[in-house]
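Examination of the molecular architecture
What follows is the residue order along each chain.
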Amino acid sequence: MEKNAPERIVIRMTYSVAIAGVTGYAGGEVARVLAAHPDMKVATVAAHSSRGTLGEHQRHLWPLRHLEIQSLEAEVLADHDVVVLGLPHGASAAITAQIEQINPDALIIDLGADHRLTDPVAWERYYHSEAAEPWTYGMPELIRATGLTQRELLCATRRIAAPGCNASAVTFAAQPAIAAGLASGEDIVAILSVGYSGAGKSPKTHLLASEAIESATPYAVGGTHRHIPEIAQNLITAGAPAVSLSFTPVLVPMSRGILATVSIPVEGVSPERVLEAYRGAYADEPFVTWSPDWPSTGIVAGSNLALVHAELDADARRITAICAIDNLVKGTAGAATQSMNLALGLPETTGLSQIGVAP
């Protein structure tokens, strides 16, 4: 500082946050991330049936352990700058309408799927209920072939639909090839290794440790997984005329993380063009990063980092792209926080880390 210069005073605004569904994995992860955010104060936590203090249900959230879990009511949530909804699919739309009546200026972020899809037919096919209004999609890195960038859209919204974790991993792996015109979007095959937190916190037999240890278990096989239309929507946004996708997630014995292996058909493509497309797509991204070698989930655990590596197969007929993310951070809470920062005019990276936890 220049001698005798007046000291600069920086005034930071603190935003009040309410988190609904805080006892689940997604809601709990948002609480963990925002507890370390310099501009946020987690003021209210709520749940459908859980009561007591937050520390009784989320023992790792030490700085927030004293907060009493409130009932899941619009009146409890609405009196905040930011409301995060970590609720089961189908539950967000109704309470959002009530919150809007009380506080239309609140920034509302839905961690569920209710507001992700723009096509009501796709919603009804996969979720078997009436579609809700689509919100601004909470993936700042989504490539848009035309119009405004996704960041520009997020900077101008008060309603954010956080992405699905599996959809994020496949999108990051495939969209550079689509946007660069290397692939059409047809006949994409994605196999995902998914940590058990991706299956939620409900006590089900197949989620018991005795069932999960030393076992890999596929689920939602045969085109039934609900993230399929979301992935197709993203790749069409990136420039694909149409998308056909074989998508198979597999639960593997780790608590968190997704390793998406995505095979993308191409014709007349060189290894150099693949490298150029992927490096160029993520050259300026703070969190979605080109990895010089094949990534693994362990090195991104606990961070908002997505590592992507892609190579042209030996027969030059397909690109194999692999993306590693932490499903609870970059797949959910981190993406929500990034998008929240943009909507509030804060630096996008605030409160988020590129550094994983290892071993």
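What you are looking at is a predicted structure, and each value in this text was computed from that prediction instead of being measured. (Residues numbered from 1 in each chain as written. Predicted model: local features only at pLDDT ≥ 70, side-chain atom pairs only at ≥ 80, totals over all residues. Heavy atoms only, no water.)

1. So, the pattern of salt bridges
The final tally for this structure, using the stated rule, is 9 salt bridges. A salt bridge links K330 to E141; the shortest N-O distance between them is 2.9 Å. Placement of K330 in helix α11 (residues 329-344) and of E141 in the loop between β6 (136-137) and α6 (150-155) is noted, with a sequence separation of 189 residues between them. E141 carries the same exposure label as K330, and that label is buried. Across the salt bridge formed by R151 and E285, the nearest N and O atoms sit 2.5 Å from each other. In this pair, R151 is assigned in helix α6 and E285 in the loop between α10 (271-281) and β12 (288-290), connecting sequence segments 134 residues apart. (Salt bridge = Lys/Arg side-chain N within 4 Å of Asp/Glu carboxyl O. Helix = DSSP H or I, 4+ residues; strand = E, 2+ residues; numbered from the N terminus. Buried < 20%, exposed > 50% of the residue type's maximum accessible area, 1.4 Å probe, protein only.)

2. Section: the pairing of strand β10 (residues 245-251)
Here β10 lies mainly inside the structure; 6 of its 7 residues are buried. Where strand β8 (residues 188-194) and β10 come together, 7 bridges link them in parallel fashion. Bridging across to β10, L192 finds its partner in P249. Two strands pair when backbone bridges link them, and strand β9 (residues 217-218) and β10 are joined in this way by 2 bridges, in the antiparallel orientation. (Pairing = 2+ DSSP bridges.)

3. Some words on the layout of surface pockets
Approximately 1200 Å³ is the volume attributed to the largest pocket. Contributing elements (two or more residues each) for the lining of the largest pocket: α1 (25-35), α7 (165-179) and α11. In terms of domain composition, the lining of the largest pocket takes at least three residues from each of domain 1 (15-162 + 332-344) and domain 2 (165-325). The space that makes up the second largest pocket amounts to roughly 310 Å³. (1 Å grid on protein atoms, 1.4 Å probe; cavity = no way out; pocket = protein on both sides within 12 Å on 5 of 7 lines; lining within 4 Å. Points joined across faces, edges and corners; volume = space filled by probe spheres on them. Domains from an automatic or database assignment.)

4. Structural notes on the sheet that holds β12
Taken in spatial order, the 7 strands line up as β9-β10-β8-β11-β14-β13-β12 in an open sheet, and their pairing is mixed. Across the chains shown, the open sheet's two edge strands, defined by having one partner strand only, are β9 and β12. Of the strand pairs in this sheet, strand β11 (residues 258-265) and strand β14 (residues 318-325) are connected by 8 bridges, and their pairing is antiparallel. Across the sheet, residue I264 finds its bridge partner in β14, namely I319.

5. Quick word on the nonpolar core
Among the nonpolar cores identified, the biggest contains 55 residues, and F172, V262, I264, Y278 and I319 are the most heavily contacted of them. Among the elements that make up this core, the one with the highest residue count is α7 (9 residues). Counting residues domain by domain, this core receives three or more from each of domain 1 (15-162 + 332-344) and domain 2 (165-325). Once you skip the residues sitting within four places of it in the chain, I319 turns out to touch A177, L182, V262, S263, I264, V266, V274, Y278, A310, E311, L312 and D313. Ranked by size, the runner-up nonpolar core spans 34 residues in total, among them V17, L61, L64 and L352. (Core = buried A, V, L, I, M, F, W, Y, C linked by side-chain atoms within 4.5 Å. Contact = heavy atoms within 4.5 Å.)

6. Focus: the domain arrangement of the chain
Split into domains, the chain comes out as domain 1 (15-162 + 332-344) and domain 2 (165-325). For domain 1 and domain 2, the distance between their C-alpha centroids amounts to 24 Å. Across the domain 1/domain 2 interface, buried area totals approximately 2300 Å², and carbon plus sulfur atoms make up 53% of it. If you sort the residues of domain 1 by the area they bury against domain 2, Y25, Y126 and I143 come out on top, with a joint share of 29%. Taken together, the connections running from domain 1 to domain 2 amount to 14 residue pairs in polar contact (both at pLDDT 80 or more). Mapped by element, the contributors of at least two residues to the side of domain 1 that touches domain 2 are α1, α5 (120-127) and α11. A total of 4 residues in the side of domain 1 that touches domain 2 trace back to one element, the largest contributor, which is α11. Of the residues in the side of domain 1 that touches domain 2, the class split is 11 nonpolar, 9 polar and 7 charged. (Buried area = accessible area lost by both parts, 1.4 Å probe. Polar contact = N/O pair within 3.5 Å; in protein donor to acceptor, adjacent residues only side chain to side chain. Nonpolar A, V, L, I, M, F, W, Y, C, P; charged D, E, K, R; others polar.)

7. Let's talk about the packing of α7 against helix α9 (residues 228-237)
The contact between α7 and α9 brings their axes to 9 Å, and the two run at 30 degrees. As judged from the angle between their axes, α7 and α9 are roughly parallel. In this structure, α7 crosses over α9, and the sense of that crossing is right-handed. For the pair α7 and α9, the contacting residues are A167, V170, T171, A174, Q175 and I178 in the first and E230, I231, N234 and L235 in the second. (Axes fitted to C-alpha atoms, helices over the stretch in contact; angles between N-to-C directions. Parallel < 35°, antiparallel > 145°, perpendicular 65-115°, else oblique. Left-handed = near helix turned anticlockwise from the far one by under 90°.)

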